[in-house]
Amino acid sequence: MGDMANNSVAYSGVKNSLKEANHDGDFGITLAELRALMELRSTDALRKIQESYGDVYGICTKLKTSPNEVCGEVSVGEEEGEGETGWIEGAAILLSVVCVVLVTAFNDWSKEKQFRGLQSRIEQEQKFTVIRGGQVIQIPVADITVGDIAQVKYGDLLPADGILIQGNDLKIDESSLTGESDHVKKSLDKDPLLLSGTHVMEGSGRMVVTAVGVNSQTGIIFTLLGAGGEEEEKKDEKKKEKKNKKQDGAIENRNKAKAQDGAAMEMQPLKSEEGGDGDEKDKKKANLPKKEKSVLQGKLTKLAVQIGKAGLLMSAITVIILVLYFVIDTFWVQKRPWLAECTPIYIQYFVKFFIIGVTVLVVAVPEGLPLAVTISLAYSVKKMMKDNNLVRHLDACETMGNATAICSDKTGTLTMNRMTVVQAYINEKHYKKVPEPEAIPPNILSYLVTGISVNCAYTSKILPPEKEGGLPRHVGNKTECALLGLLLDLKRDYQDVRNEIPEEALYKVYTFNSVRKSMSTVLKNSDGSYRIFSKGASEIILKKCFKILSANGEAKVFRPRDRDDIVKTVIEPMASEGLRTICLAFRDFPAGEPEPEWDNENDIVTGLTCIAVVGIEDPVRPEVPDAIKKCQRAGITVRMVTGDNINTARAIATKCGILHPGEDFLCLEGKDFNRRIRNEKGEIEQERIDKIWPKLRVLARSSPTDKHTLVKGIIDSTVSEQRQVVAVTGDGTNDGPALKKADVGFAMGIAGTDVAKEASDIILTDDNFTSIVKAVMWGRNVYDSISKFLQFQLTVNVVAVIVAFTGACITQDSPLKAVQMLWVNLIMDTLASLALATEPPTESLLLRKPYGRNKPLISRTMMKNILGHAFYQLVVVFTLLFAGEKFFDIDSGRNAPLHAPPSEHYTIVFNTFVLMQLFNEINARKIHGERNVFEGIFNNAIFCTIVLGTFVVQIIIVQFGGKPFSCSELSVEQWLWSIFLGMGTLLWGQLISTIPTSRLKFLKEAGHGTQKEEIPEEELAEDVEEIDHAERELRRGQILWFRGLNRIQTQIRVVNAFRSSLYEGLEKPESRSSIHNFMTHPEFRIEDSEPHIPLIDDTDAEDDAPTKRNSSPPPSPNKNNNAVDSGIYLTLEMNKSATSSSPGSPLHSLETSL
């Protein structure tokens, strides 16, 4: 952020040429004036605009911008004897510790760098539409400048403050700033101020940008919270700002997600789930997410702690035995007196024993575990980018491997989201393909052309293909593009009609939303009469049609009986072929009558005349059926949740392979689903959901709340032995709650709205279902990589600890010296985790069922491998240790005096031990008892490099290591024997895999995860500190994702202090809620159910609707989901936790107002 203040920006106005950067008074309006204006609300702001500037156009003039065309060229300023050799062992230990620390640090650094890269990529991806030089272009939000004309549409997260110039039915959710969950209607004559950080929930429009970056409303709050952690820099900037006093309009408008350290603090730093019922609750909320550690990490923490304890015990016993043996042998058996002059020698012995104890401990504690997880996840995340998965939360990658259910959208994920009209019912004929324009009576054709051109969002267009011979590009809502495509097929141009009737000339627009499931546009004719065009889901619009255009182009009466005929003969056959049916209609209001009450929509959109019914096809993506088959084989149930009608949904589900003929599965509509899961009081019951979800495969005509209910119901279910792990795909703002609730939320990178992306864990950059299958493969691969590493490391642990312990007890000296142990530790921890954690995934991972949350990390087969290989290695090491000198005909290294030079004997033991580990690393590549351990070994270059590299370093250590490594040179023959004994592990591995695991009943599994249910509620909040240590131990590199608790608490304190100072002396208790919630996301509050949660239906908004211009909120998914299915959004019964709201919480103010 440091460079913000240095960005000097020069605008050129409509007539002005480019100004030089330092323009003190060039603008007719100062930064302070703009800031003061944006802090006013609704009527005050309007009054101020009228008094000081006349109107919005006055402000535009002062900002030297034209509301119709902007030529804001921007130039950004660039930023600127014993005494001689005694030190060797200590120095060598220090050196190897430094090596381990450096390698770990390097891994952490590279991982952190990757995540910063990912984060910045997520941020760069957020673009916004502005009009510059008459051209509509998309620019990164950081490039938006004051004076830009920005186009806002439903689903947008506003990146800057601005004033509305033109709007259609625009409604904004300002809860992130005010805490009030009611949508605020914006219009030129009532409330024209649009604020950054708020969500557009309905409608569309254009605004002139008046504040960006730290001067915008969210930016000001950010400055108060000191969210950057770089307050000093900000202070410097403030000074500079005061000095320069110049229009600092384009202080870089960083997306608010860019909390400086690149952490994923989307939009707001304070992620408390509710606006907060008092501090305590806030703290609990802030702490809770930390508890939900990923399954794998929970298991690993537990396992690492257990191994660590065992190692500590072994090392303590080793030291005690050594000391006792020495003392008893010296002073008891040999009856030597304690001589004062011998004390230094005794102390040297004790120090040596202590070093041996530390060596055992170092080898026993698996500090490579967190590293392996980190490397594996980081590697996977990087590679998943190539498979079109942009991972936003590390854990999601591994959780995906355990997924048991996927609830997928239909449009765009399973289908191509490239809609085309393929059938039509016009002038009482059912055309199986688009008719020729000559076949349609001219007056019907003119209604069709005008109706489609004006009653589709003007942001929907069909552009020429980018490449020669490519398909035309569909921009905007896909369903609308299909209708516009129909006009092009009928050799008519919609652009001519739009040029004749520009968007400003539309008299009134009822935009699309999930409640209406239709869109209507009113035109005022020159003679004073009005005509309304409507389009929407055929069953909804047809109910409102009282007439229909007949074969000769005349309107004739349309009775309910005729409607039923059309449904049976036209709509159902279309739907059964997987087509979405859209009905187009119009109505005239004659000139003489009094002007209709436009706000009373139900009286306006009725008594329509039907023009046509069209069938739109969204073809299934060719690769989807195969991907779904893979999922089913891998034990993952795929369910389709769509807003489309049940026949279309069933047809598509059958084409995809979600439904198979003759199988006993449920396909339900939203209404039917709600009826089945609610009791007489209208409350949702888990037992009822449990009866439905196992067989449910298609949920059609579903609202956003239904999707959230289904996901929550499956996750909370206890019917199956394993808790279900659910992945959800979504693209619309309305999918936010379901994406947040799911274990893994996938948002669409192309079609997804900002809100959906913000609520998700993984973004599919190609919107394709096959990418989800790749994510499953990577997730399972992470799990397997960790298991491979564990199998390898535990074998080394067992052998090294037993050798050091037994050797020390029998020979008073560890056969493996401290420095050698540290080298072994480096191989087995750092390098092995790098080699084994980077194995690429294979298709075979999809041939087994998900492991589930309670499956132990170390299976019986792995335990068999660990103990089997440990047995072989111990036999070899002890044989060499106690009989090696005879075999090789060399001097024995046992019972050597205190500072004896290194012996060949112990060097052979060390060398053989290391080579056995190297060859066992190859064995560890397979953990399910496969025989061919070399399969695909050359696909992993890192593995090959590390194994060869380690071998070369081992030769150097043995031949040239000398005194520091306690090694003496070996002959070629001795080397060959060491290699031969090392290769023996490969042959021994074949022998082990011959023994059937089922026979070895005595083997225990290890590494079970803690179940979430085992943790009592109170502990969840209290144990945070204790959990934190394990967390810290595990998540060295992942600290990036979890900020310290203190930070959040400080922020809460700041917010509270700010709130209390702001509201002292205010009479209205209701308004206290506004700041309470200014940093909460809509989607963060969803879990705890505040009434009126804005959810825009766009999952499948287009699934059934001709357009996604916007939407209004269906009732909130509160715990009981007591949604009243109507246009009145009252919540019947508040969630229990929410009702305990204190006066001063958003809920309290809502209850008061209700």
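Keep in mind it's a predicted model, so treat the numbers as computed, not measured. Position numbers for residues count from 1 along each chain, tracking the sequence in the order it is written. Only residues with pLDDT of at least 70 get local features here, since the model is predicted, and only at 80 or more are side-chain atom pairs given and counted; chain-wide, interface and lining totals rely on the full set of residues. Note that water and hydrogens are dropped before the side-chain values are worked out from all heavy atoms of the structure.

## Concerning the overall build of the protein chain
The following threshold applies: Only DSSP runs of H or I reaching four residues or more are called helices, and only runs of E reaching two or more are called strands; each is numbered from the N terminus. Each residue gets one of three labels from its accessible area relative to the maximum for its type: buried under 20%, exposed over 50%, partly exposed in between, using a 1.4 Å probe on protein chains only. Residue-level accessible areas treat just the shown protein chains as cover; the underlying method is Shrake-Rupley with a 1.4 Å probe.
Of the regular secondary structure elements, the protein chain holds 38 helices and 26 strands. Counting the 1154 residues in the protein chain, one finds 59% classified as buried. Carbon and sulfur atoms make up 58% of the accessible area of the protein chain, which amounts to about 46500 Å² in all.

## What to know about empty space enclosed by the protein
It is the rolling of a water-molecule-sized probe over the atoms that shows where space remains empty. The condition that has to hold: For cavity detection a 1 Å grid was placed over the protein atoms alone, and a set of points counts as a cavity when a 1.4 Å probe fits there but cannot get out; an open set counts as a pocket when protein lies on both sides within 12 Å along at least five of seven lines, with lining residues being those that have an atom within 4 Å of a point. Grid points are joined across faces, edges and corners, and a volume is the space filled by probe spheres set on the points. Only Asp, Glu, Lys and Arg are considered charged, only Ala, Val, Leu, Ile, Met, Phe, Trp, Tyr, Cys and Pro nonpolar, and every remaining residue, Gly among them, polar.
Here the second largest cavity is characterised by a volume of approximately 110 Å³. As for the second largest cavity, its lining consists of Q791, N865, H869, N923, K926, G929, E930, R931, V933, G989, Q990 and S993. Taken together, the elements giving at least two residues each to the lining of the second largest cavity come down to α28 (860-888) and α31 (972-994). It is α31 that contributes the most residues to the lining of the second largest cavity, three residues altogether. Its residues assigned to classes, the lining of the second largest cavity comprises one nonpolar, eight polar and three charged.

## Some details on the confidence of the model for the protein chain
The condition that has to hold: Here pLDDT means the predictor's own confidence in every residue, given as a number from 0 to 100. Note on definitions: a residue-residue contact is assigned when non-hydrogen atoms from the two residues lie within 4.5 Å.
Mean pLDDT over the protein chain stands at 76; residues scoring 70 or higher make up 75%. Low pLDDT, under 50, characterises residues 1-24; the stretch is placed with 73 contacts to residues that sit more than four places away or in other chains. With pLDDT under 50 throughout, residues 1062-1154 is counted as low confidence; its partners more than four residues away or in other chains account for 311 contacts.

## Some words on the packing of aromatic side chains
Just so we agree on the cut-off: Two aromatic rings from Phe, Tyr or Trp, using only the six-membered ring of Trp, form a pair when their centres are within 6.5 Å; if the ring planes differ by under 30 degrees the pair is stacked, by over 60 it is edge-to-face, and anything between is tilted. The criterion is that NZ of a Lys, or CZ of an Arg, lies within 6 Å of the ring centre and within 35 degrees of the ring normal, and then a charge sits over that ring.
All told, the structure shown has 24 aromatic pairs when counted by the stated rule. Relative to W598, the ring of Y507 lies with its centre 5.7 Å away and its plane at 65°, an arrangement referred to as edge-to-face. Note that Y507 is positioned in the loop between α15 (494-500) and β14 (508-510) and W598 in the loop between β19 (579-589) and α18 (601-604), a separation of 91 residues in sequence. Judged by its relative accessible area of 34%, Y507 is partly exposed. By the ring-pair criterion, three or more aromatic residues cluster together here, those being F326, F331, W338, Y346, Y349, F350 and F353. Its guanidinium or amino end placed over the ring of Y458, R498 lies 4.7 Å from that ring's centre, counting from NZ or CZ. The residue whose ring lies beneath R848 is Y851, and the NZ or CZ to ring-centre distance is 3.9 Å.

## Overview of a positive patch on the surface
As a reminder of what qualifies: Note that patches include only residues with greater than 30% relative accessible area and no salt bridge, and the join distances are 9 Å for like charges and 5 Å for nonpolar side chains (Val, Leu, Ile, Met, Phe, Trp, Tyr). For this analysis, a salt bridge means a side-chain nitrogen from Lys or Arg found within 4 Å of a carboxyl oxygen belonging to Asp or Glu. Charge counting treats Lys and Arg as positive and Asp and Glu as negative, with His and both chain ends excluded. Charge placement uses NZ in Lys and CZ in Arg. For Asp and Glu, CG and CD serve respectively.
Together, R860, R999, K1001 and K1004 make up a positively charged patch on the protein surface. Within the fold, R999 resides in the loop between α31 and α32 (1017-1022).

## Some remarks on the packing of α28 against α31
The cut-off we apply is this: Every axis corresponds to a line fitted to the C-alpha atoms, with the helix fit spanning only the stretch in contact, and the corresponding angles, defined between N-to-C directions, vary from 0 to 180 degrees. Any angle that is under 35 degrees is reported as roughly parallel, and any over 145 degrees as roughly antiparallel; angles of 65 to 115 degrees are reported as roughly perpendicular and all others as oblique. We call a crossing left-handed when the near helix sits turned anticlockwise from the far one by less than a right angle, and right-handed when that turn is clockwise.
At a minimum axis separation of 10 Å, α28 and α31 run at an interaxial angle of 150°. Regarding the angle of α28 to α31, the classification is roughly antiparallel. Crossing geometry of α28 relative to α31 is assigned as right-handed. Contact residues: α28 offers K864, N865, G868, H869, F871, Y872, Q873, V876, L880, F887 and F888, while α31 offers Q974, W977, L981, G984, T985, W988, G989, I992 and S993. Tallied by class, the residues present in the contact of α28 with α31 amount to ten nonpolar, nine polar and one charged.

## Re the pairing of strand β24 (residues 726-730)
Where we set the bar: DSSP-based pairing: two strands are paired if at least 2 bridges between them are found. Place the viewer so that the strands point away; then a crossover is right-handed whenever the path from the first strand over the helix to the second strand goes clockwise.
Of all five residues that make up β24, five are buried, and the element is covered over most of its length. Burial along β24 is two-sided: the residues V726, V728 and G730 and A727 and T729 are all buried. In this structure, strand β9 (residues 405-408) lies alongside β24, joined through three bridges in parallel fashion. Along β24, the bridge assignment pairs C407 with V728. Where β24 lies against strand β25 (residues 744-748), four bridges are found, and the strand directions are parallel. Note that in β25 the partner of G730 across the bridge is A747. Traced from β24 through helix α24 (residues 736-741) to β25, the parallel crossover comes out right-handed.

## Description of the sheet that holds β24
Taken in spatial order, the eight strands make up an open sheet running β8-β26-β25-β24-β9-β21-β23-β22, and their pairing is mixed. Every other strand in the sheet has two partners, leaving β8 (389-391) and β22 (666-669) as the edge strands with one partner each. Taking the axes of each pair of neighbouring strands and ignoring which way they run, one obtains an average angle of 20° across the sheet. In the packing of helix α21 (residues 670-677) onto the sheet, contacts are made with β22 and β23 (696-700), and the angle to β22 comes to roughly 100°.

## Examining the nonpolar core
We count it as follows: What makes a nonpolar core is a set of buried Ala, Val, Leu, Ile, Met, Phe, Trp, Tyr and Cys residues whose side-chain atoms join them at distances within 4.5 Å.
Counting residues in hydrophobic clusters, the biggest one holds 122 residues, and the most contacted among them are M400, F746, F769, L790, I858 and F910. By residue number, the principal contributor to this core is helix α26 (residues 769-811), which donates 20 residues. What F910 contacts, discounting residues up to four positions off in sequence, is L816, Q820, W823, V824, Q954, I957, V958 and C967. Of all hydrophobic cores here, the second largest spans 40 residues; its members include A424, Y431, L483 and I611.

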